[in-house]
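# Breakdown of the fold
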Amino acid sequence: MSTGMEPVEEFRLRAREWIKANLGPLQPWDRTQHCKDDEEELVAVARDRALQRKIFDGGFAGICMPKEYGGLGLSPEHNRAFNEELAGHEYPSRFAVPTFNPCASTILEFCTAEQKAAHLPAILKGDEVWVQLLSEPGGGSDVAGITTAAVREGDHWILNGSKVWTSRAWWADWGIILARTNWDVPKHQGMTVFLVPLRAEGVEIQRIVRLNGESEACQEFFTDVRIPDSDRVGDVDGGWTIGTRWMFHERMGHNSPYVTYPSGLSQSAGHEDSPVAIARKSGKIDDPSARELIGEHRELGVVTRALQGRIADAATKANKDMSAIDRLFRGVASVRRSTIAFELAGSNASVWDEEEEAATDAVGMNFLMRQISCIGGGTTEISRNVVAERILGMPREASGDKGVPFREVPKGPKRA
Ligand SMILES: Cc1cc2nc3c(=O)[nH]c(=O)nc-3n(C[C@H](O)[C@H](O)[C@H](O)COP(=O)(O)OP(=O)(O)OC[C@H]3O[C@@H](n4cnc5c(N)ncnc54)[C@H](O)[C@@H]3O)c2cc1C
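Residues numbered from 1 in each chain as written. Predicted model: local features only at pLDDT ≥ 70, side-chain atom pairs only at ≥ 80, totals over all residues. Heavy atoms only, no water.

## Section: the packing of aromatic side chains
Applying the stated rule across the entire model yields 9 aromatic pairs. Measuring from centroid to centroid gives 5.4 Å for W18 and F60, while their planes differ by 45°, and the two rings are tilted. Taken together, the residues span a long stretch of sequence, with W18 in helix α1 (residues 8–22) and F60 in the loop between α2 (38–57) and α3 (76–86) at a distance of 42 residues. You'll find W18 and F60 in the same group, each marked buried. Seen from their ring centres, F95 and F100 are 6.1 Å apart, and the 40° between their planes marks the pair as tilted. You'll find F95 and F100 in the same group, each marked buried. Taken together, the ring pairs connect F11, W18, F60 and F82 into an aromatic cluster. One residue, R180, lies across the ring of F406, its end atom 3.7 Å from the ring centre. Over the ring of F367 we find R370, and its NZ or CZ is 4.0 Å from the ring centre. (Phe/Tyr/Trp six-rings, centres within 6.5 Å; stacked < 30°, edge-to-face > 60°. Helix = DSSP H or I, 4+ residues; strand = E, 2+ residues; numbered from the N terminus. Buried < 20%, exposed > 50% of the residue type's maximum accessible area, 1.4 Å probe, protein only. Lys NZ or Arg CZ within 6 Å of the ring centre and 35° of its normal.)

## Things to note about the packing of α2 against helix α4 (residues 93–110)
Relative to each other, α2 and α4 sit at 80°, their axes nearing to 8 Å. Taken together, α2 and α4 sit at an angle that is classed as roughly perpendicular. Between α2 and α4, the residues in contact are A44, V45, D48, R49 and Q52 and S93, R94, F95 and F100, respectively. Per-class residue counts for the contact of α2 with α4 are 4 nonpolar, 2 polar and 3 charged. (Axes fitted to C-alpha atoms, helices over the stretch in contact; angles between N-to-C directions. Parallel < 35°, antiparallel > 145°, perpendicular 65-115°, else oblique. Contact = heavy atoms within 4.5 Å. Nonpolar A, V, L, I, M, F, W, Y, C, P; charged D, E, K, R; others polar.)

## Brief notes about the side chain of S373
Counting through the fold element by element, S373 comes out in helix α12 (residues 372–375). If we skip the residues at most four places from it in the chain, S373 touches R327, G331, S334 and V335.

## Some points on the nonpolar core
Ranked by size, the top nonpolar core spans 68 residues in total, and within it F82, L120, W130, L159, L178, F222 and V225 carry the most contacts. Take this core: its biggest share by element is 7 residues, from α4. Both of domain 1 (8–96 + 105–127) and domain 2 (132–246) provide at least three residues apiece to this core. Here L120 is in contact with M65, Y69, A104, I107 and L108, once residues within four sequence places are set aside. Of all hydrophobic cores here, the second largest spans 12 residues; its members include A290, I340, L344 and V363. (Core = buried A, V, L, I, M, F, W, Y, C linked by side-chain atoms within 4.5 Å. Domains from an automatic or database assignment.)

## Focus on the packing of α4 against helix α5 (residues 113–124)
Across the interface, α4 lies against α5 with an axial gap of 11 Å and an inter-helix angle of 155°. Comparing the axis directions of α4 and α5 gives the class roughly antiparallel. Like other packed secondary-structure pairs, α4 and α5 cross with a definite hand, here left-handed. Two secondary-structure elements touch here, α4 through F95, T99, F100, A104, I107 and L108 and α5 through K116, L120, I123 and L124. Considered class by class, the residues forming the contact of α4 with α5 number 8 nonpolar, 1 polar and 1 charged. (Left-handed = near helix turned anticlockwise from the far one by under 90°.)

## A word on the site of the ligand
Every one of the 20 residues lining the ligand counts as a neighbour, but S135, G140, S141, T379 and E381 are closest to it. Within the backbone of S135, an N or O atom sits 2.8 Å from an oxygen atom of the ligand. G140 is positioned with one of its backbone polar atoms (N or O) 2.6 Å from an oxygen atom of the ligand. When the free accessible area of the ligand is taken as 970 Å², the share hidden by the protein chains comes to 69%. Every element with two or more residues in the shell around the ligand is listed here: β3 (156–167), α12 and α13 (380–391). (Near = heavy atom within 4 Å. Polar contact = N/O pair within 3.5 Å; in protein donor to acceptor, adjacent residues only side chain to side chain. Areas by Shrake-Rupley, 256 points an atom, 1.4 Å probe, with all protein chains shown as cover.)

## Considering α3
All of the buried residues in α3 are H78, N79, A81, F82, N83, E85 and L86. Where α3 is buried, its residues meet α1. Note on α3: the residue one or two positions beyond its end, G88, has a positive phi of about 85°.

## Here we look at the pairing of strand β1 (residues 130–133)
The two faces of β1 match: W130 and Q132 on one face and V131 and L133 on the other face are all buried. Where β1 lies against strand β4 (residues 174–180), 4 bridges are found, and the strand directions are parallel. Across the sheet, L133 pairs through a bridge with I177, a residue of β4. (Pairing = 2+ DSSP bridges.)

## What about the pattern of salt bridges?
Taken as a whole, this structure holds 29 salt bridges when the rule is applied. In this structure, E6 and R14 form a salt bridge, with 2.8 Å as the shortest nitrogen-oxygen distance. The closest approach of N and O atoms between E84 and R12, which form a salt bridge, is 2.9 Å. One end of the pair, E84, is in helix α3; the other, R12, is in helix α1, with 72 residues separating them in the sequence. With relative accessibility at 35%, the residue E84 sits in the partly exposed group. Connected through salt bridges with shared partners, the residues E9, R12, R16, E84 and E85 form a single ionic network. (Salt bridge = Lys/Arg side-chain N within 4 Å of Asp/Glu carboxyl O.)

This is the structure:
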């Protein structure tokens, strides 16, 4: 039966030609981590906006987004073909995650037609960068334990509280936020989702400098921020229904069909030399144990990609919690790959001075930062819980706050 869609292979050839003619090679600055200072980062953001616009004007933005919102209305296979052709080319990295996913994917799934029309075309044209505001200083794993509150005042909501670890907020335009709107019901039943402009009055954004010197993580403080009810997403107190799907999209990360991202590109921090190049540089290339490590590194990469493909297909059709399997494997495999690279580099990666090549210190820095892949997008421990409880059907972990009005749940000591 004809779907009326352009055949994937025809689309791929068209994409290949367009990419070759219009996009340059992948550059070191295609990663936010490589910006030396704020000025350079703002230039990179502007460049990414222009690049996204170029892809839109070229007719390849939002491959799986519906046509009515500026997308192409094609399938995940079309998106995968485009991403495969994009390998080795520049791309708008600051849009991939979290703007396209989980923000645009959640907007598409839950927003009203008016809200979608207001934001999805703007995202696809590179005019709006989005962030996701879930984690709080009191903890990120227990998402339903949030205390950032929205109180209704006529046709507005007044938002107060703080979110943290928000990637890329200081140069973003909008955020999708989960806020507490009812303290008198159990925690999962009293939350609502809103769309919040990050340049609104009462929003303060502070950057957090990480171990590797980059500062894309932020903390936001919301003080009496007025949000019109028209920017509420879904039902009042119905935020958990949206939240669970939002986290499903989040766990899919770059693997989401809504993301434009060069296939095979590592998502770990910093530039990554191939393990063969690292072993050559450290003089270990003929060492049999080093060769085994190189094989393991390659094997993990191949399995990660194969698993991602299978889960991406299956997760949309079958059990939505399956994205936790991909998220778990990706995290664990990435840590192991960073560790292997570090072992292959030997002392080259443990000690360096600033005069040395960036590639050498990137291996050491990737090793120091390796746990990021097990924390960002929800931790691997939480993914293990999801796999155990919701996929394998094992007993749920004990919880002291089940059925208890959130107001009465002990919240622990206040943090500064
Ligand atoms: C690179 C990066 C990007 C991020 N970007 C964003 C973003 O854009 N927006 C956003 O909102 N957040 C973001 N985060 C925050 C991230 O979602 C949280 O760090 C994560 O959910 C864990 O929360 P936490 O750090 O508060 O740790 P906690 O929730 O305090 O957990 C501490 C430790 O306890 C474990 N733990 C907690 N509960 C359980 C349990 N029930 N069972 C087993 N183990 C448990 C956790 O796995 C973790 O190891 C980002 C984090 C990183 C590293």
